[in-house]
Amino acid sequence: MKHIPNTLSFSRIVLSIVLFYLNPVNLPFILIYTICGITDVLDGLIARKINATSEFGAKLDSVADILIISVILFKFIPILKLSFYMVIWIFVIALIKVSSIIVIFIRFKQFGMIHTYLNKLTGLLIFVYPILNYFISCKFYMYFVFIVATITSIEEILICSTITSLDLDKKSYFK
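This section reports on the structure supplied with the text. Note that the structure is a prediction, hence the values are computed from the model and not measured. (Residues numbered from 1 in each chain as written. Predicted model: local features only at pLDDT ≥ 70, side-chain atom pairs only at ≥ 80, totals over all residues. Heavy atoms only, no water.)

### What to know about the pattern of salt bridges
All chains considered together, the criterion is met by six salt bridges. Asp 40 is paired through a salt bridge with Arg 12; the nearest N and O atoms lie 3.2 Å apart. Pair noted here: Asp 40 is in helix α2 (residues 27-49) and Arg 12 is in helix α1 (residues 4-20), with a separation of 28 residues, a long-range link. Measuring nitrogen to oxygen at the nearest pair gives 3.2 Å for the salt bridge that ties Asp 43 to Arg 12. (Salt bridge = Lys/Arg side-chain N within 4 Å of Asp/Glu carboxyl O. Helix = DSSP H or I, 4+ residues; strand = E, 2+ residues; numbered from the N terminus.)

Pasting the structure below:
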């Protein structure tokens, strides 16, 4: 039972690799992508429910999150016809997120990503985008996601720069 959360995270990694080879505007992509989202929610819930949370599990979840976001960016940026400034905006957000990981590594000598409420909201907004895009064009929604992701990445770098002990489950800069 204690291995179920890590198995779910690992399955998300495998399914993310499968998504890399699928057309993002077809139903098989959306179905596998939805399964990835379900496993993302379930791994943490089950881990907490059966008291199987672990540092390894948190890191595995973070790797799975990074991979699925990378696949989504790789698959959708070419078909979205983003302006140069939007691509730069994505790059800046990614740079801040990577900087947060580097700050944690320098300060605490370990890999980690903070699981804040805003990170969870950003993940949800990003998760919804490909499904929403399958049914309707949603350019305005994309701007909203970018704004939330920017605020999220700034909050995360502030947390990483100011915390005195590593707590990957810190919910907010203000808490």
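Text resumes after the structure shown.
### A short note on the packing of aromatic side chains
What the rule picks out here adds up to 10 aromatic pairs. For the ring pair Phe 29 and Phe 76, a centre distance of 6.0 Å and an interplane angle of 70 degrees mean the geometry is edge-to-face. Of this pair, Phe 29 sits in helix α2 while Phe 76 sits in helix α3 (residues 55-80); the two residues are 47 residues apart in sequence, bridging distant segments of the chain. Of the two residues, Phe 29 and Phe 76, both sit in the buried class. Seen in terms of ring centroids, Tyr 129 and Tyr 141 are 6.3 Å apart; in terms of plane orientation they differ by 10 degrees. Their pairing is stacked. Here Tyr 129, found in helix α5 (residues 117-135), pairs with Tyr 141, found in helix α6 (residues 139-162); they are 12 residues apart in sequence, far enough to count as distant. Exposure class is identical for Tyr 129 and Tyr 141. Each is buried. Through successive ring pairs, a cluster of aromatic residues spans Phe 29, Tyr 33, Phe 76, Phe 127, Tyr 129 and Tyr 141. Above the ring of Phe 20, the side-chain terminus of Lys 75 is found at 5.9 Å from the ring centroid. (Phe/Tyr/Trp six-rings, centres within 6.5 Å; stacked < 30°, edge-to-face > 60°. Buried < 20%, exposed > 50% of the residue type's maximum accessible area, 1.4 Å probe, protein only. Lys NZ or Arg CZ within 6 Å of the ring centre and 35° of its normal.)

### Here's the deal with the environment of Thr 162
Here Thr 162 lies in helix α6. Accessibility expressed as a relative area gives 45% for Thr 162, which makes it partly exposed. Considered as a pair, Thr 162 and Tyr 173 are 11 residues apart in the sequence and their alpha carbons are 9.1 Å apart. Excluding residues that lie within four positions of it along the chain, Thr 162 makes contacts with Arg 107 and Tyr 173. (Contact = heavy atoms within 4.5 Å.)

### Side note on the nonpolar core
Leu 19, Phe 29, Tyr 129 and Met 142 are the most contacted members of the largest nonpolar core, which totals 24 residues. Those elements that provide at least two residues to this core are α1, α2, α3, α4 (84-108), α5 and α6. Counting residues in hydrophobic clusters, the runner-up holds nine residues, among them Val 103, Ile 104, Ile 159 and Cys 160. (Core = buried A, V, L, I, M, F, W, Y, C linked by side-chain atoms within 4.5 Å.)

### A short note on unusual backbone geometry
Positive phi outside glycine occurs at Asn 51, with the angle close to 55 degrees. Looking at the element boundaries, Asn 51 is found in the loop between α2 and α3. A relative accessible area of 60% places Asn 51 in the exposed class.

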